[in-house]
Amino acid sequence: MSLHPSALPPVPEETARIAKLAFPNGNCYLILRDQVGTFFNDNDFRDLFSVHGQSAISPCQLALICIMQFLEDLTDRQAAEAVRSRIDWKYLLGLELTDSGFNYSVLCEFRAHLIDGNAEARLLNVFLNECKR
């Protein structure tokens, strides 16, 4: 797995349109994306990935997925399914409605990269620093 850093993509127009229709009074993930933006950046994880090989799913997206997974007490399979099926998750992650997601094992691999790089607390620290700000 390799990293080619990029910013979290903007919310696709159709995803935004459908999400706003589905949640006219807002939703915690829509509000988070609209008011806070994203607090993770792929460069936060640059040291954990090779620059060679197959491109990885954006670490900032995986970090957000881990946070949502924790908030909703989901297994890796359930979190991967939520990425495939939930409009609010696609909105926060900047994904097209047609995005088919990824295999749940990617989340385990991402956490392994965090542990191998002694970066286990990185997600929490970045998240807490953003909350303080």
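Predicted model only: the values in this text are computed from it and were never measured.

Rules of the game
Residues numbered from 1 in each chain as written. Predicted model: local features only at pLDDT ≥ 70, side-chain atom pairs only at ≥ 80, totals over all residues. Heavy atoms only, no water. Buried < 20%, exposed > 50% of the residue type's maximum accessible area, 1.4 Å probe, protein only. Helix = DSSP H or I, 4+ residues; strand = E, 2+ residues; numbered from the N terminus. Arc of directions from axis to C-beta. pLDDT = per-residue confidence, 0-100. Contact = heavy atoms within 4.5 Å. Core = buried A, V, L, I, M, F, W, Y, C linked by side-chain atoms within 4.5 Å. Phe/Tyr/Trp six-rings, centres within 6.5 Å; stacked < 30°, edge-to-face > 60°. Axes fitted to C-alpha atoms, helices over the stretch in contact; angles between N-to-C directions. Parallel < 35°, antiparallel > 145°, perpendicular 65-115°, else oblique. Nonpolar A, V, L, I, M, F, W, Y, C, P; charged D, E, K, R; others polar. Salt bridge = Lys/Arg side-chain N within 4 Å of Asp/Glu carboxyl O.

Visitor: When you look at helix α7 (residues 122–132) in this model, what are you seeing that I'm missing?
Guide: Owing to its 3.6 residues per turn, the α-helix brings residues three or four apart onto one side. Inspection of α7 places Leu 123, Val 126 and Glu 130 among the buried residues, and these make up the whole buried set. Down the axis of α7, the buried set is contained in an arc of 75 degrees. They therefore lie on one face. Residues of α7 that are exposed and angled more than 90 degrees away from the buried face: Cys 131 and Lys 132.

Visitor: Sorry, what's going on with the confidence of the model for the protein here?
Guide: Where the model shows low pLDDT, its predicted coordinates should not be examined in detail. Put simply, the protein has an average pLDDT of 85, and 89% of its residues get 70 or more. pLDDT under 50 marks residues 1–5. Its contacts with residues more than four places away, or in other chains, come to 29 contacts.

Visitor: Would you explain the nonpolar core in this entry?
Guide: Burial of nonpolar side chains together is a common tendency in soluble globular proteins. In this structure, Phe 40, Phe 45, Ile 65, Trp 89, Phe 102, Phe 110 and Leu 123 are the most contacted members of the largest nonpolar core, which totals 32 residues. Ranked by the residues each element gives to this core, the list is headed by helix α3 (residues 59–72), at eight residues. Once you skip the residues sitting within four places of it in the chain, Ile 65 turns out to touch Ala 79, Val 83, Trp 89, Leu 93, Phe 102 and Leu 107.

Visitor: Hey, could you run me through the packing of aromatic side chains in this one?
Guide: To describe a pair of aromatic rings, one takes the distance between the centres and the angle between the planes. Going through the model one piece at a time under the given rule, you end up with two aromatic pairs. With a centroid separation of 6.1 Å and 80 degrees between ring planes, the pair formed by Tyr 29 and Trp 89 is classed as edge-to-face. Taken together, the residues Tyr 29 in helix α2 (residues 28–36) and Trp 89 in helix α5 (residues 87–93) connect sequence positions 60 residues apart. This pair shows no difference in class: Tyr 29 is buried, exactly as Trp 89 is.

Visitor: For this particular structure, what's the right way to read the packing of α3 against helix α6 (residues 105–116)?
Guide: The relative placement of two packed helices comes down to the angle between their axes together with the axis-to-axis distance. Viewed as axis vectors pointing N to C, α3 and α6 meet at an angle of 105 degrees, and their least axial separation amounts to 11 Å. As the angle between them shows, α3 and α6 are arranged roughly perpendicular. Contact with α3, carried on its side by Pro 59, Leu 62, Ala 63, Ile 65, Cys 66 and Gln 69, involves Val 106, Leu 107, Phe 110 and Arg 111 of α6 and no other residues of that element. Per-class residue counts for the contact of α3 with α6 are eight nonpolar, one polar and one charged.

Visitor: It is not clear to me how the pattern of salt bridges should be interpreted in this structure. Could you clarify?
Guide: On inspection of all chains with the given rule, the structure shows six salt bridges. Here Glu 14 and Arg 17 are joined by a salt bridge, their closest N and O atoms 2.9 Å apart. With Glu 14 and Arg 17 both in helix α1 (residues 13–22) and three residues apart, the pair spans about one turn of that helix. Under the relative-accessibility criterion, Arg 17 is labelled partly exposed at 44%. The residue Arg 86 makes a salt bridge to Asp 88 at a minimum N-O spacing of 2.8 Å. Judged by relative accessible area, Arg 86 falls into the partly exposed class, the value being 25%. Taking the relative accessible area as the measure of exposure, Asp 88 reaches 4% and is therefore buried. Three or more residues are tied together by salt bridges with common partners; here these are Glu 72, Arg 86 and Asp 88.

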